Structures are given as C-alpha cells and as structure tokens.
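So you can see what is in the structure, the chains are spelled out below.
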Amino acid sequence: GPLFEIQVPAGREPQGNDEITAILALIMAGMMVFYVFFTGAASAQSLLLEEEAGTLPRLFTTPTSQATILGGKFISTFLLLSVQVTALIIISSLIYGVNWGEPLPVALVMFALVVVASGFGILITSFLRDTRQGGIVYGGVMTAMGMLGMITVFTGARPGASTAIDTVSLLVPQGWAVRAWRLLLDGGGAGDVLLTVGVMLAAGILFFAAGILRFRKRYA
C-alpha cells in the first residue's frame, strides 16, 4: 500500500489513520509551513549580517554576479529547509504513525514548499535596511502572514472549497503551501496538487527574481 496516505476528517471518517492521528497530521502540516517560512527568512537574514559587516558590498564589487551570490544563498537556504521538512515528515511517520500520501505528490509538495519559502526569504530580506528592522518584520509580519495562511487549519475548511476563508488564505504564499498539504491529507494524488504546486513554484521563482532586482538596485 502507499507509504503516506491519509484522509483528514471533514465530515467523514479518515481512512488508514484514526481520528486523532488525522487531526495531528493537519496541525503538523500547518505548523510545518509556518516554521519553514520563518526558517527561510531567518536564513536569508545572513545577507543583512554580511551587509552590516561590510562583506556583502565587497562581494558585489567582484566579477561574481549578484545573481550568482544570491543564488548561493538561495541554495544554502534550500538545502537547510529540505532537511527540515524531510526530518519532520520522517519523524512524524515513524513516531506518530502519520501517513502523508503517495511518495511522488509528497515529494512535489515538499520541493515546492522549499522553493517558495526560500524565494520569499530572499525577497523580504531585500526590503529590510538592517537586522534590527528584520527582527520586527520577522516577528510581526511573518507571524501575521503565517496565521492567515493557516486559517483553514483552524476552521477546518475543505481545501479548494469556494469559501471566503479559503480565498483569503490564498492571499499569502503560506496559504498555498497549507492548501497543498491539505489536499494530500485529503487523499489527493499528483494530479490534485499539480496546480497548487505550480503556483508555489512560480511564486518562488518570482520572489527570487524580484529579490535579485532589488539587491541589484540597492548596490548599483
């Protein structure tokens, strides 16, 4: 049978997991998205630390392009988040018996989550002047966005349902990430998450490109 299949209670009994495990999986999915975006932003904050230390502007004066330098930051953040998400999936499966869905769609959602969180971290950092401002933004703005993205977890709204709550949650990238995991937890396959994964990947690429442009203008 599938390694990661689960049905989340939404008016019907979960299949393959008891009700408590299904609810736990839903909460863990929301918190995973919440903290992955925080980690992505915190990792990108190293750019501000290097700027304050004077090393980043000097790097930008070398023949190495800004895109390459920022790309290296993106890759390091990507790897860190990949380890974080993989560890949570494995631990929750082994310890709590949570099954997340078929391996292929789970891998697609994991990849898209890491890309969009990494790109968003680069973008939001490009708007910050220093690490002091970063603390305010990460503590306030990121928390508010994370809670908005998780609103369907709190209300139990079905993913993809035509409701105001579902629509509002999609105003932030965290909402798309939560939606992807909820589709998996509702028994969805690769075809069911393809659109959501595509939106997340496109958003991650746009975030990264916009961050590069802002940094390029900043150090022109």
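Let me begin by describing the structure that accompanies this report. Remember, predicted model here, so these are calculated numbers, not experimental data. (Residues numbered from 1 in each chain as written. Predicted model: local features only at pLDDT ≥ 70, side-chain atom pairs only at ≥ 80, totals over all residues. Heavy atoms only, no water.)

### Here we look at the nonpolar core
Generally speaking, nonpolar side chains in soluble globular proteins are found buried as a group. Within the largest apolar cluster, 62 residues are counted, with the highest numbers of intra-cluster contacts made by Met-32, Phe-37, Val-85, Trp-100, Leu-113, Trp-181 and Met-200. The set of elements that each furnish at least two residues to this core consists of α1 (19–44), α2 (46–53), α3 (55–60), α4 (66–96), α5 (103–126), α6 (131–149), α9 (173–185) and α10 (190–218). A per-element tally of this core places α5 first, with 13 residues. (Core = buried A, V, L, I, M, F, W, Y, C linked by side-chain atoms within 4.5 Å. Buried < 20%, exposed > 50% of the residue type's maximum accessible area, 1.4 Å probe, protein only. Helix = DSSP H or I, 4+ residues; strand = E, 2+ residues; numbered from the N terminus.)

### Some points on the packing of α1 against α5
The contact between α1 and α5 brings their axes to 8 Å, and the two run at 45°. Relative to α5, the element α1 lies oblique. Crossing of α1 over α5 shows right-handed handedness. Between α1 and α5, the residues in contact are Met-32, Val-33, Val-36, Phe-37, Gly-40, Ala-41 and Ala-44 and Leu-113, Val-116, Ala-117, Phe-120, Gly-121, Ile-122, Ile-124 and Thr-125, respectively. Here the residues of the contact of α1 with α5 sort into twelve nonpolar, three polar and no charged. (Axes fitted to C-alpha atoms, helices over the stretch in contact; angles between N-to-C directions. Parallel < 35°, antiparallel > 145°, perpendicular 65-115°, else oblique. Left-handed = near helix turned anticlockwise from the far one by under 90°. Contact = heavy atoms within 4.5 Å. Nonpolar A, V, L, I, M, F, W, Y, C, P; charged D, E, K, R; others polar.)

### Some points on the environment of Phe-215
Structurally, Phe-215 is set in helix α10. The class for Phe-215 is buried, based on a relative accessible area of 0%. Along the backbone, Phe-215 and Leu-123 are 92 residues apart, and their C-alpha atoms lie at a distance of 9.2 Å. Apart from residues no more than four positions distant in its own chain, Phe-215 is found in contact with Leu-47, Gln-66, Leu-70, Ile-122, Thr-125 and Ser-126.

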